[in-house]
Amino acid sequence: MEDISLHLLDILQNSVSAGATLITCRFVKIADRLQLSIEDNGRGMDEETVNAALDPFYTSKSFRKKKIGLGIPLFAQSAKLSGGDFSLESKVGQGTRIKAEFVVSNIDALPLGDISLSLVNCIVAHQSVDFVVEIVCDTEEEFSLDTREIKKEMEGISLNEPVVRKYLEEVVSQQVLKLEDR
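Residues numbered from 1 in each chain as written. Predicted model: local features only at pLDDT ≥ 70, side-chain atom pairs only at ≥ 80, totals over all residues. Heavy atoms only, no water.

### Re the overall build of the chain
Across its full length, the chain holds 6 helices and 6 strands. Across the chain, helices and strands are ordered from the amino to the carboxyl terminus as α-β-β-α-α-β-β-α-β-β-α-α. Here the C-alpha atoms of the chain give a radius of gyration of 16 Å, agreeing with the 16 Å that 2.2 N^0.38 yields for 182 residues. Projected onto the principal axes, the alpha-carbon positions of the chain cover approximately 45 × 35 × 25 Å. Out of the 182 residues belonging to the chain, those deemed buried represent 45%. As displayed, the chain offers around 9,900 Å² of accessible surface, 50% of which is attributable to carbon and sulfur atoms. Averaged over its 20 positive side-chain charges, the chain has a centre that lies 6 Å from the centre of its 30 negative ones. (Helix = DSSP H or I, 4+ residues; strand = E, 2+ residues; numbered from the N terminus. Rg over C-alpha atoms; globule rule 2.2 N^0.38 Å. Buried < 20%, exposed > 50% of the residue type's maximum accessible area, 1.4 Å probe, protein only. Areas by Shrake-Rupley, 256 points an atom, 1.4 Å probe, with all protein chains shown as cover. Lys, Arg positive; Asp, Glu negative; His and termini not counted. Charge placed at Lys NZ, Arg CZ, Asp CG, Glu CD.)

Put into structure tokens, the structure is as follows:
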């Protein structure tokens, strides 16, 4: 994948496919490191499936002729190539947590891509799922967006309504800019 936002989009879609009703994305930028964690309350995986998920020749998607799932292995490889780290934890019935750390100054670090677009597209496309987005930078105040609170305030108005979507895009993109300071 070309950038971190595409990895994020892939993992978010995996969470939705696993039946998650709550997905938390946390970005922490401290000095030269960017940590990204995605945690969901979906079906989760047993230990054997977790190990298999890191194998590029495994996928849980049965509609494919070839069982090749590159999303998680490529995400892990991207983090490690930058000098960072990657972990995948999951428990059946409790959900999954993926954590990737990137050394942003490393020549092999992927660009961020359009993180805000990936987040907002997932939020408006999967309105039955609640999302929490947290952004922490070493020099800034912590940012948190919780779609449960927004939905409550909107009193049944769709998050895909143009004015609501525009608000989400503006708020999230303004905060994501803090991550881009390399």
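### Comments concerning the packing of aromatic side chains
Given two aromatic rings, one states the distance between the centres and the angle between the planes to describe the pair. Scanning the model with the defined rule gives 2 aromatic pairs in all. Between F75 and F86, the ring centres sit 5.6 Å apart and the planes meet at 75 degrees, which makes this aromatic pair edge-to-face. In this pair, F75 sits in helix α3 (residues 71-81) while F86 sits in strand β3 (residues 85-91), placing the two residues 11 residues apart along the sequence. Accessibility assignment for this pair places F75 and F86 in one class, buried. Ring geometry for F75 versus F102: centroids 6.1 Å apart, planes at 40 degrees, classification tilted. Of this pair, F75 sits in helix α3 while F102 sits in strand β4 (residues 95-103), placing them 27 residues apart in sequence. Look at F75 and you get buried, because its relative accessible area is 0%. Residue classification places F102 among the buried residues on the basis of a relative accessible area of 1%. (Phe/Tyr/Trp six-rings, centres within 6.5 Å; stacked < 30°, edge-to-face > 60°.)

### Some words on the pairing of strand β5 (residues 130-137)
Of all the 8 residues making up β5, 8 are buried; the element is thus mostly covered by neighbouring parts of the structure. Residue alternation in β5 divides its side chains into two sets, D130, V132, E134 and V136 and F131, V133, I135 and C137, and both sets are buried. In this sheet, β5 lies alongside strand β1 (residues 22-30) in parallel orientation, the contact comprising 8 bridges. Note on β5: the bridge partner recorded for I23 is F131. In the sheet, β5 pairs with strand β6 (residues 143-146) via 4 bridges, with the strands oriented antiparallel. Looking across to β6, one finds that V132 is bridged to D146. Connecting β5 to the antiparallel partner β6 that follows it, the hairpin turn spans 5 residues. (Pairing = 2+ DSSP bridges.)

Nothing here speaks to function; it is geometry throughout.
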